[in-house]
Amino acid sequence: MNDPHLLSLTVNGTEEEVLVEPRRTLADVLRHDLRLTGTHVGCEHGVCGACTVLVDDAPVRACLMFAVQAEGADVRTVESLDDGVRLSDLQQSFSEHHALQCGFCTPGFLMLAEGVLAESPDAEREEIREALSANLCRCTGYQTIVDAVHATATSRRETTA
Amino acid sequence: MKPAAFTYHRAHDVADAVGLLSDLAAAGGDPKVIAGGQSLMPMMTFRLARPSALVDLGPLRRMPSMTTIRAEGDHLTLGALVTHHAVETAALPDGFAVLARAMRWVGHLPIRSRGTVAGSLVHGDATAEWCLLALLLDAVVVAEGPSGRREIPAGELFHGFYATAVDHDEVVVEVRFTRPAPHAALTEFARRHGDFAIVDAAVALDLDGGSVTGGRVVLGGVAPAPVRVPEAEAVLASGGVAGDALWAAVADAAAAAVDPPDDAATTAAYRRRLTRTLVADACRDAAGGLR
Amino acid sequence: MTATDVPGLEVRTAEPRFEGRRGRWVGASIPRHEDPRLLTGRGRFVDDIALTGMLHAGFVRATVAHARVTGIDLSATRAVAGVVAAYDAADLALGDIVALLDRPAEEFTPTAMPILAKDKVRFVGEPLAIVIARDPYAVEDGIEAAVVEHEVLDAIVDEATALRASTRVHDEAPDNVLLDVSMFDTPGVDEAFSHAHVTVEVTTRSGRQNALPLETRGVVASWDARDDQLLVQTCTQVPHQVRTLVARCLDVPERTVRVTVPDMGGGFGQKCVVGREEVAVAAVARRLHRPVKWIEDRREALTAGFLAREQTYRTRAAFDADGHITALDVDVVCDMGAYSCYPFTAGIEPLMASAEMPSVYRVPAYRVRGRALTSNKAPTAPYRGVSRPQYVMAIERVMEKAARALDLDPVEVRRRNVITEFPYTGVNAVTYDPGTYRESLDLAEATIREEGWYDVRASDDRAIGIGFCCFSERTGYGSEAFAKRKMTVVPGFDLSEIRMDTTGAVVVTSGTMNHGQSHETTFAQIVADRLSIDVDRVKLRQGDTERIAYGWGTFASRSVTIGGSAVALASERLGELLCRVAAHLLETRPENVAMDGDGGVVQLDDPTRRLTYEEIADVAYLRSHLLPKDVEPALTATASFDVPGDGTFSNATHAVVVEADRGTGAIRILRYVCVEDCGVVIHPQVVDGQCRGGIAQGIAGALFEEVTYDEHGEPSAASFIDYLVPTVTEIPDVSISHLETPCAFTENGAKGAGEGGTIGAPAAVLNAVNDALRHTGVELDVTPIHPRTVLSALEGGL
């Protein structure tokens with residue numbers, strides 16, 4: 001029943017092979033098998049968004065995917081955002097705007113925002129606000145998260161213009 | 001909160017999926033298809049669903065027929081693995097543009113990125129946007145089973161309480177929308193953005209200039225399955241000038257016709273009152289599509 | 001007994017300390033020290049910990065609210081693949097959790113909370129057995145295989161069934177009342193009511209809520225044979241209290257338990273009490289000599305975690321013809337659930353309400369009765385605000401109702417009653433230190449008026465209402481203030497140790513416990529200013545019982561007020577030590593040197609003579625023979641701090657504009673203004689963040705979140721589908737204005753800002769909704785406000 005499957009996927013640019021029980025969620029495999037603990041788990045039923053990662057560039061809930069469904073997929077987690085020395089522009093913006101307090105929801109918001117900004121680089125504040133309603137934050141009251149993402153969107157537009 | 005154990009099977013094509021479902025069931029199992037899994041996985045996590053086996057349609061994503069959106073004449077055909085988000089971002093013909101506009105009500109972006117149109121229809125939630133849209137635009141669900149393909153019209157699809165006409169050994173291959181509605185809208189009310197609606201309403205208007213000549217009214221959250229409301233459609237069919245007076249009459253007729261449940265979530269009276277608000281709002285939105 | 005009676009306890013006098021000065025760091029929104037690791041996914045939360053050979057734990061929990069347990073069969077559980085062990089209460093034989101008050105039997109009934117339920121279960125979700133397996137999936141399989149036999153008893157689910165007392169939750173409490181205290185009945189209450197120009201009565205009620213840290217509770221316990229010590233890594237706001245209780249329940253010396261706290265994903269009070277799961281996991285790790293991890297899942301967190309808030313206030317208030325309140329008479333009933341929490345007891349909510357109920361108003365006569373009921377619901381912990389959201393809602397409803405009865409503007413009624421002379425000693429025997437109660441009210445009202453909202457309200461077709469809430473919040477509860485509550489465990493002081501190493505870098509400890517409040521940043525700002533060093537040279541260490549002799553953790557907005565003061569004092573002492581050593585090395589008098597603001601000590605009469613901290617440290621550690629004879633090696637200093645007397649009060653006024661949707665009854669918040677005064681602001685962004693986050697939680701309580709129970713005690717909200725945590729779409733942007741009244745008796749002039757937002761929002765929102773419904777004849781006094789109720793009011797029934 002629990003026969004493990006050999007799963008191959010790419011995580012943050014590295015090809016990984018993992019032996020997983022079919023019922024293991026992608027979130028658990030990322031965190032506990034691959035030890036990428038930046039992706040957090042807040043509800044395990046797809047509402048809080050703390051486990052949001054990019055799968056083939058789209059933001060998805062890692063708790064709502066069995067890892068075996070990610071066969072061959074390209075997964076990006078929060079660990080991919082900085083270069084080891086400097087924060088990314090989005091991470092920097094979160095810090096500048098005090099868009100995190102306890103930091104538990106933060107990786108999910110960062111990956112959600114990266115997904116949203118990649119698809120809608122022209123997004124204005126209200127569109128960003130609606131997109132960010134996918135995830136829960138209990139600390140900030142959200143305002144500064146919207147500010148941080150909006151500021152990043154604006155500065156990226158200025159950079160590419 | 002961890003799913004019970006199951007065996008996992010990747011389908012390589014539709015026939016393979018159908019074969020797996022039959023074989024696993026014949027062996028005494030209780031297999032289930034998983035596509036996006038956005039409805040199934042929470043139920044499995046709570047162990048409210050505990051299939052003995054999952055047949056994953058994921059590999060079928062490489063088949064164009066499963067993931068493309070095709071407009072052919074007056075029909076719009078969605079492959080079974082088309083995601084909500086693919087519809088949201090697609091350039092659709094006017095007659096089906098309501099589909100794209102309605103997608104903002106489907107959960108949130110990460111759900112829409114994984115969840116599929118067919119999966120939502122087969123799940124059969126009485127408030128699911130796709131279920132309302134299927135009734136609004138005369139969808140036909142094409143399912144393949146051991147004895148071949150068959151077409152299930154939306155009117156015969158929903159049996160209520162999450163039961164549908166798609167059999168356990170069948171795999172949906174595409175969904176065809178056959179009734180274009182250039183003046184259509186879906187709206188809903190939930191206490192929190194992105195949640196399952198308490199009540200949702202979809203309206204399609206037949207417009208001749210500024211006059212209404214007919215239309216459809218579909219409601220979710222007022223019965224065990226999504227329903228059309230003939231009493232409200234009759235008001236539209238009797239015609240009139242597009243405007244708030246007519247919308248109010250349609251809304252009143254809908255609210256009077258439904259017999260919504262009193263449950264833990266809220267009262268029948270409140271659902272009835274929401275029906276009135278939402279039907280009028282949907283009519284207004286649908287007419288606004290006139291431009 | 002009060003704190004001052006205890007021999008040897010240093011109690012600081014209330015002489016003014018703060019001189020209004022700003023340092024280089026305090027007052028600046030510097031980048032948070034916590035941010036880089038949290039933003040890159042390199043923080044370490046409890047579920048990120050993986051130890052060699054680690055096992056996983058989960059709990060078999062009660063599926064009925066009230067039952068006699070007649071049998072627990074774990075044999076099938078033990079046979080499940082991957083399951084290593086399973087234990088019930090008899091197997092573990094642990095001591096109970098007992099939280100006590102020093103009050104007579106007619107006021108307080110002591111009860112015990114077993115670590116695992118024994119002969120009886122008292123709420124759905126109560127732990128009965130612990131299952132240990134190789135992975136969390138197998139744990140769930142094992143839990144599912146357990147067989148529990150029970151005889152179901154009637155469930156106590158509300159005040160009416162509790163007081164009817166046909167069934168007892170605890171045999172010790174025949175009437176299901178754990179605390180019944182009439183704290184005040186001052187002279188003149190009845191006379192005031194008999195002479196009242198207007199008497200208003202209101203029954204306010206707030207629903208049961210979950211504090212809902214996004215990170216659920218969790219613990220990793222491991223046995224270290226070399227240290228002869230249990231290491232309990234747990235996400236708690238109160239590490240030392242966890243250590244004390246683990247040692248007691250396991251009946252081992254406290255030395256053999258070390259509690260450390262990793263990064264925490266919020267707490268909001270839910271983690272400021274000791275969880276029975278923490279103790280059980282520690283016990284099993286010690287028994288198996290294997291690391292054991294337990295991570296609470298969301299369903300457990302929603303149903304079996306500590307809940308909060310379910311309270312009813314029956315309030316009567318007398319007013320004279322001028323709109324002055326002349327008497328207040330309140331009956332407070334708090335449904336505390338199945339057990340008393342440690343260390344606060346089930347008395348915390350009614351006692352808090354009784355002590356503070358007059359709020360920001362001059363109330364000449366006051367009578368209060370406070371009761372804590374026990375029921376067959378998950379127990380409660382003191383959630384952010386602790387009764388203050390509730391009593392503030394009660395008295396703010398009184399102000400609104402009085403305004404209507406007297407045909408006065410509600411802000412004007414508040415203005416006529418609000419305390420304006422400080423220090424003010426109230427009818428509740430509490431002395432309030434200076435604040436800006438009146439000023440905050442005036443500024444909030446002026447903001448709303450200048451923005452034109454009163455015109456919108458008057459002219460718009462939409463149902464628009466404006467609501468206010470004026471309140472204060474005691475933040476500096478020292479041991480003297482807590483002792484008045486008569487707890488047998490009296491929190492209050494805080495300890496700090498500071499150490500400078502040979503490179504001049506500083507490590508400072510605190511008994512407080514950061515779980516999102518930015519202590520690593522704000523405490524570093526305080527230290528850096530006191531020692532005139534760069535803020536990046538300071539590292540805060542918290543959450544390790546081996547490094548801090550004792551501490552009270554973080555709750556009641558106490559961290560910066562009390563912990564920040566201890567840290568400041570320790571820093572000053574280290575500064576004095578640096579100067580003393582430097583003077584000796586410079587061969588001058590100690591009075592002739594000073595810190596130069598640039599990481600060194602300078603000779604005042606010859607500024608060319610200077611020693612850097614590194615040079616001083618070099619002597620202190622590596623060439624200690626050069627030290628003065630009366631100075632010991634090393635550069636360390638310690639300090640304690642405790643707030644004297646009644647403590648300090650932050651204050652604020654919230655103003656809200658809402659629209660009640662005529663089609664759905666949904667409440668939309670159009671404008672939210674907060675004018676607050678938390679004394680000296682250490683880090684403006686952090687204070688704003690505390691305000692906004694608190695307000696979001698207050699709005700959640702006002703409009704969305706509630707755990708209800710059916711008549712059998714089955715909880716309604718076991719998932720995020722049913723428990724409506726608001727998203728960004730439901731929470732408005734908030735404008736914040738700051739007033740600043742420095743606290744005279746904390747080291748930094750700060751008052752604490754952790755809870756205010758949560759306290760003010762429910763009343764402000766409720767008042768605004770009632771204002772929007774002003775033409776309907778309906779008044780709502782219950783939260784959360786359901787849109788159905790609003791729509792029914794707008795339409796004269798549904």
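Note that the structure is predicted; figures quoted are calculated from it, not measured.

Quick look at the overall build of chain B
Then, number 1: Per the secondary structure count, chain B includes 11 helices and 15 strands.
Then, number 2: For 291 residues, the compact-globule formula gives about 19 Å, and the C-alpha radius of gyration of chain B, at 19 Å, lands near that figure.
Then, number 3: Principal-axis analysis of the C-alpha atoms gives chain B an extent of 60 × 45 × 30 Å.
Then, number 4: Across the 291 residues in chain B, those meeting the buried criterion constitute 62%.
Then, number 5: Within chain B, contacts between residues separated by at least 24 positions form 61% of all contacts whose residues are at least 6 apart in sequence.

So, the domain arrangement of chain B
Residue and element names in this part refer to chain B.
Then, number 1: On domain assignment, one finds that chain B holds domain 1 (7-59), domain 2 (67-177) and domain 3 (184-288).
Then, number 2: The straight-line distance from the C-alpha centre of domain 1 to that of domain 2 is 19 Å.
Then, number 3: Opposite the 13 residues of domain 1 that make contact, domain 2 presents 15 residues.
Then, number 4: Here domain 1 packs against domain 2, burying approximately 1100 Å² in sum over the two surfaces, 70% of which is carbon and sulfur.
Then, number 5: Three residues, V14, V18 and Q38, lead the burial of domain 1 against domain 2; their summed loss comes to 40% of the area buried on that side.
Then, number 6: Where domain 1 meets domain 2, there are 0 salt bridges.
Then, number 7: Scanning the region where domain 1 abuts domain 2 turns up 0 residue pairs in polar contact (both at pLDDT 80 or more).
Then, number 8: The dominant element in the side of domain 1 that touches domain 2, judged by the number of residues it contributes, is helix α1 (residues 14-26), at 6 residues.
Then, number 9: When the residues that make up the side of domain 1 that touches domain 2 are grouped by side-chain class, the tally is 9 nonpolar, 4 polar and no charged.

Digging into the interface of chain B and chain C
Then, number 1: In this complex, chain B contributes 21 residues to the contact, which on the side of chain C involves 32 residues.
Then, number 2: Looking only at chain B, the three residues that lose the most surface to chain C are M1, R191 and R192 of chain B, adding up to 34% of its buried area.
Then, number 3: Taken together, the links from chain B to chain C amount to 5 salt bridges.
Then, number 4: Between R47 of chain B and E144 of chain C there is a salt bridge, with its nearest N and O atoms 2.8 Å apart.

A word on the environment of V489 of chain C
Residues and elements named next belong to chain C.
Then, number 1: Along the chain, V489 falls in the loop between α15 (479-483) and β23 (494-500).
Then, number 2: Taking the C-alpha atoms as reference points, V489 and T40, 449 residues apart in sequence, are found 40 Å from one another.
Then, number 3: Setting aside residues no more than four positions away along its own chain, V489 makes contact with Y342, P343 and W552.

As for the environment of F109 of chain A
All names here are of chain A.
Then, number 1: Within the secondary structure layout, F109 lies in helix α3 (residues 106-119).
Then, number 2: Taking the C-alpha atoms as reference, F109 lies 15 Å from A151; in sequence the two are 42 residues apart.
Then, number 3: Setting aside residues up to four positions removed in sequence, F109 forms contacts with F94, L132, N135, L136, C137, Y142 and I145.

Considering the sheet that holds strand β1 (residues 55-61) of chain C
Residues and elements named next belong to chain C.
Then, number 1: On the basis of which strands lie adjacent, the open sheet formed by 7 strands has the order β3-β7-β1-β15-β12-β13-β14 and mixed pairing. With partners counted over all chains shown, the strands left at the sheet margins are β3 (83-88) and β14 (257-260), one partner each. The average undirected angle you get between the axes of adjacent strands in this sheet is 25°.
Then, number 2: Here 6 bridges tie strand β12 (residues 218-224) to strand β13 (residues 229-234), and the two strands are oriented antiparallel to one another.

Regarding α1 of chain B
Every α-helical turn comprises 3.6 residues, leaving residues that sit three or four positions apart pointing alike.
All names here are of chain B.
Then, number 1: Look at α1: 18 Å from first C-alpha to last across 13 residues, which is about the 18 Å you get at 1.5 Å a residue.
Then, number 2: V14, A17, V18, L20, L21 and L24 are the residues of α1 that are buried. Burial along α1 is one-sided: seen end-on, the buried residues are contained in an arc of 160°. Facing away from the buried side of α1 by more than 90 degrees, the exposed set consists of D23 and A26.

Digging into the nonpolar core
Then, number 1: Within the largest apolar cluster, 222 residues are counted, with the highest numbers of intra-cluster contacts made by F94 of chain A together with I130, F319, Y672 and I699 of chain C.
Then, number 2: With 10 residues, helix α11 (residues 388-406) of chain C is the single largest residue contributor to this core.
Then, number 3: Judged by nonpolar contacts, the second largest core, of 62 residues, contains L24, A128, V171 and V218 of chain B.

Quick notes on the packing of aromatic side chains
Then, number 1: Enumeration over the complete set of coordinates arrives at 15 aromatic pairs over all chains.
Then, number 2: Geometrically, the ring pair formed by W130 of chain B and F177 of chain B is tilted, given 5.8 Å between the ring centres and 45° between the ring planes. With W130 of chain B in helix α8 (residues 129-136) and F177 of chain B in strand β10 (residues 171-177), this pair connects stretches of sequence that are 47 residues apart.
Then, number 3: Among the residues examined, W130 of chain B registers a relative accessible area of 0% and is labelled buried.
Then, number 4: Ring centres of F123 of chain C and Y339 of chain C lie 6.4 Å apart, and the angle between their planes is 75°; this geometry places the pair in the edge-to-face category.

Some details on the sheet that holds strand β31 (residues 667-677) of chain C
All names here are of chain C.
Then, number 1: Strand order in the open sheet made by the 4 strands is β22-β30-β31-β32, with mixed pairing throughout. Edge positions in the open sheet fall to β22 (463-474) and β32 (735-739), since each of these has one partner strand only. Within this sheet the neighbouring strands show an average axis-to-axis angle of 15°, counted without direction.
Then, number 2: With 12 bridges connecting them, β22 and strand β30 (residues 649-660) associate as antiparallel partners. The residue of β30 that forms the bridge with G465 is V658.
Then, number 3: The strands that helix α20 (residues 756-772) touches are β22, β30 and β31; relative to β22, the one it contacts most, it runs at about 155°.

The rules behind the values
- Residues numbered from 1 in each chain as written.
- Chains lettered and ligands numbered in written order.
- Predicted model: local features only at pLDDT ≥ 70, side-chain atom pairs only at ≥ 80, totals over all residues.
- Heavy atoms only, no water.
- Helix = DSSP H or I, 4+ residues; strand = E, 2+ residues; numbered from the N terminus.
- Rg over C-alpha atoms; globule rule 2.2 N^0.38 Å.
- Buried < 20%, exposed > 50% of the residue type's maximum accessible area, 1.4 Å probe, protein only.
- Contact = heavy atoms within 4.5 Å.
- Domains from an automatic or database assignment.
- Buried area = accessible area lost by both parts, 1.4 Å probe.
- Salt bridge = Lys/Arg side-chain N within 4 Å of Asp/Glu carboxyl O.
- Polar contact = N/O pair within 3.5 Å; in protein donor to acceptor, adjacent residues only side chain to side chain.
- Nonpolar A, V, L, I, M, F, W, Y, C, P; charged D, E, K, R; others polar.
- Pairing = 2+ DSSP bridges.
- Axes fitted to C-alpha atoms, helices over the stretch in contact; angles between N-to-C directions.
- Expected span 1.5 Å × (residues − 1).
- Arc of directions from axis to C-beta.
- Core = buried A, V, L, I, M, F, W, Y, C linked by side-chain atoms within 4.5 Å.
- Phe/Tyr/Trp six-rings, centres within 6.5 Å; stacked < 30°, edge-to-face > 60°.

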